[in-house]
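# Architecture at a glance
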Amino acid sequence: MALGCLGRLAAQELTVREIPELTVTSAPGWTERVEWTASELSLPFWSIPQDPPARVTNSFRWLDRSRQRPVGFYRTVVTGWDATTLIQSIPTHEPPGIRRPAGFVWIRPGLFTMGSPAGEPGRGTNEVRRSVFLTRGYWMSDHEVTQSEYRGLMDRNPSGFPGDDRPVENVSWTDAVGYCEALNRKASGLRELPPGYAYRLPTEAEWEYAARAGSGTAYPWGESEAEIGRHAWHAGTAEFSTREVRRLSPNRWGLHDLLGNVWEWCLDWGAVPADTASLEPTGPGTGSLRIIRGGSYLDDPRLLRTASRMAFRPDWSGDCLGFRPVLAATDPPGSGRLGLRMVPELTLRASPGTRYRIERTRSPRVTNSWETATQLDLTTNSLVVWTDLSETPPGWSYRAVRIVENGGGGGGGGGGGGTGPGGEGGGPLRPGEPTNGRPAGFVWVPAGTFRMGSPETELGRRSNETAHTVTLTRGYWMSDHEVTEAEFESQLGRASTPAHGPRFPVQSTWADAERYCQALTDKARAGGTLPEGYVYRLPTEAEWENACRAGTTTRYSWGDDPDGLDIGKHAWSWVATYREVRQLQPNPLGLYDMSGNLWEWCADSYRDTFPDTAVDPLATGGITRRSIRGGGYLENFSRSRSAARNGAGPNETRDLGFRPVLARPL
């Protein structure tokens, strides 16, 4: 179990000194050691400090008195255990004298194998297989929190599929935590809260342990998907909506809907776990995403496997996100076994006369989460020592940002630039780009050959993504953003329905998207700005995917991202509503929102299969549905992959937008 300290530094001038004091509490039957490293970047080069603990039978305080450790990270590593001794040393029965809350099931402590084996169909690379021991039992709700339960406690119902006995959805992680806190207040007021216990979200380990119910297979009932319809609402049975809880068969421990219906929030921050055995894991101390488990009514059976896991921003919500509480010991699992306190001392070295601000964050991966801790003026010398005494900060990361009066400066990351809808394009010509003028707000996409579709091993892949080679013989300009409501009204003379705002992408039928492109062509031709031999039109599916990939072959244009740790930087996916264009980072070509926000219409008729090879492909005729690409704000991460595709009736508008290309006619 790795414990991050305070020294994730983003500037060479910034150093940190820490005084670590660890309180280690252990039970008979297991062995651990304390390790140290100078920098997390040096992993896995951990060393063992002086006098490390070995087999521990009680709680003790340990202080690193080693010299020459101005910066350090500490962790405890479980080196082995005697499972028989461990199990015999703890009670497994339900605690006496405590009245079980209605609708909850007692989950006894135990040892289990978490994650999935390498050969499991649909396995994700983040499903690391390891032994986990839970030394304390807990009660878990036998159903997902319903809308009537949520409304009764929180006096509101955010759900998109109304029904008292349906699971509440459109709730963020923060909302779920707030519900548990309200449940504690109510139970405490009624004197129904057992001493030393509280309602909270389950840890990821607690969730999977309960979902497996003693099984070690892909699903609680075995390896086959054949019985999934008896236990879980999924894409093949739910008919695109949530269903009432407790309508299907529970697992062997009496828990309903742990798989399917809605994804369920867990307590942990998202991360790829280590492949070492662990006791009562709670995940990393900080992060930008929270774990969700179980799959939903929108998902294929492989995403409903017991080991399937994803992570999501804690402030996001969607109509496939819900939760269920546990009643457990008030101290978070593991907190009594290992505690870490430290005093951060930051030494800033820079040129006299410069100004800096010290920033801190609990989520280093989230670019907009940094807050100012203090400002420092180096007026007479080059050395300033500053100590953060505002609170004991066990999860802060720090950085120094130089303040430049003329508006320049260094510091944290940010999204790509851009000119905004309708703004002038700029920059050097790309290979093959005509010299007769780049249209405002468009990006040139060169001709070439690429691999369309997805390999069979790609996480989240569907059968309609046949991998094949495509050659595009002509380049084209593509709009760097989805057409906005303001742009739509300016060309067609009427507002969109529903209206969100001028910079929001317009929801449109396929026919209106075609009319918009024709109006854009007519206006450019009349104004003398239409390049000869070009028209505005919808992209073909091949043109769309080629531009989306931008030369990449990974799941997304920014990489494979198996845990969804970076998707929030690039795609509005699994959020309550779609957002204004150009708010996130673009792909390598400079195209925004190619993943997420709204599905985008293509020129092709939709077909389930592709040929092995194709040159300038276009599917036409005999098919009533049109191809849509890119995924939408309501979809899970896998539908925002570069290869993800679907079809829609040409008169549909919900969650459907478009972006034109300026290209040769089809």
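Residues numbered from 1 in each chain as written. Predicted model: local features only at pLDDT ≥ 70, side-chain atom pairs only at ≥ 80, totals over all residues. Heavy atoms only, no water.

## Details of the sheet that holds strand β29 (residues 599-605)
This is how the line gets drawn: We treat two strands as partners when DSSP finds at least two bridges between them. Numbered from the N terminus, helices here are DSSP runs of H or I no shorter than four residues, and strands are runs of E no shorter than two.
If you walk across this open sheet you meet the four strands as β32-β31-β29-β33, and the pairing is mixed. On the outer flanks of this sheet lie β32 (645-648) and β33 (656-657), each paired with one strand and no other. Of the pairings in the sheet, the one linking β29 to β33 comprises two bridges and is parallel in character. If you follow E600 over to β33, its bridge partner there is G657.

## Considering the nonpolar core
A general tendency of soluble globular proteins is for nonpolar side chains to be buried together. Worth spelling out the cut-off: By nonpolar core is meant a set of buried Ala, Val, Leu, Ile, Met, Phe, Trp, Tyr and Cys residues that side-chain atoms within 4.5 Å join together. A simple rule labels every residue: compare its accessible area, found with a 1.4 Å probe on the protein chains alone, to the largest value its type can have, and call it buried under 20%, exposed over 50%, or partly exposed in between. In this analysis, two residues are considered to be in contact whenever any of their non-hydrogen atoms come within 4.5 Å of each other.
Membership of the largest hydrophobic core comes to 46 residues, with the highest contact counts inside it found for W265, I292, F312, F323 and W574. At the level of secondary structure, the elements contributing two or more residues to this core comprise β7 (104-107), α3 (173-189), β11 (197-200), β12 (263-269) and β15 (309-312). With six residues, α3 is the single largest residue contributor to this core. Beyond its immediate stretch of four places on either side in the chain, F323 contacts E144, V145, Y150, V168, V171, A176, Y179, L201, W263, E264 and W265. Of all hydrophobic cores here, the second largest spans 31 residues; its members include Y138, A218, Y219 and L289.

## Here we look at the pattern of salt bridges
Condition: Any Lys or Arg side-chain nitrogen found within 4 Å of a carboxyl oxygen on Asp or Glu counts as a salt bridge.
Scanning the model with the defined rule gives 35 salt bridges in all. Note that R654 is salt-bridged to D655, the shortest N-O span being 3.8 Å. By relative accessible area, D655 is classed as buried at 10%. Residues joined by salt bridges that share partners form a network here, namely E204, E208, R212, R293 and R309.

## Structural notes on the packing of helix α2 (residues 147-154) against α3
Think of two packed helices as two axes; the pair is described by the angle between the axes and how far apart they sit. The following threshold applies: An axis is simply a line fitted to the C-alpha atoms; with a helix, the fit covers only the stretch in contact. Between two such axes, the angle follows the N-to-C directions and lies from 0 to 180 degrees. For this classification, under 35 degrees means roughly parallel, over 145 means roughly antiparallel, 65 to 115 means roughly perpendicular, and everything else is oblique. For a crossing to be left-handed, the near helix must be turned anticlockwise from the far one by less than a right angle; the clockwise case is right-handed. Each residue gets one of three labels, nonpolar for Ala, Val, Leu, Ile, Met, Phe, Trp, Tyr, Cys and Pro, charged for Asp, Glu, Lys and Arg, and polar for the others, Gly among them.
One can describe the packing of α2 onto α3 by two numbers: an axis separation of 10 Å at closest approach and a directional angle of 65°. As summarised for this structure, α2 and α3 are arranged roughly perpendicular, according to the angle between their axes. Both α2 and α3 take part in a crossing whose hand is left-handed. Residue-level contacts link E149, Y150, L153 and M154 of α2 to D175, G178, Y179, A182, L183 and K186 of α3. The residue makeup of the contact of α2 with α3, split by class, is six nonpolar, one polar and three charged.

## Some remarks on the packing of helix α6 (residues 485-492) against helix α7 (residues 510-526)
Two elements in contact, α6 and α7, have axes whose closest approach is 9 Å; the angle formed by their N-to-C orientations is 65°. When the interaxial angle is binned, α6 and α7 end up roughly perpendicular. Read as a crossing pair, α6 and α7 show a hand that is left-handed. Along the contact surface, α6 presents E487, F488, Q491 and L492, while α7 presents D512, R515, Y516, A519, L520 and K523. When the residues that make up the contact of α6 with α7 are grouped by side-chain class, the tally is five nonpolar, one polar and four charged.

## A short note on the confidence of the model for the protein
Reading fine detail from the predicted coordinates is not recommended where pLDDT is low. The test is simple: Per residue, pLDDT captures the predictor's confidence, and it can take any value from 0 to 100.
With 74% of its residues at a pLDDT of at least 70, the protein reaches an overall mean of 80. In this model, residues 1-19 is a region of pLDDT below 50 whose contacts with residues beyond four sequence positions or in other chains number 73 contacts. Taken together, the stretch residues 405-426 has pLDDT below 50 and engages in 39 contacts with residues farther than four places along the chain or on a different chain.

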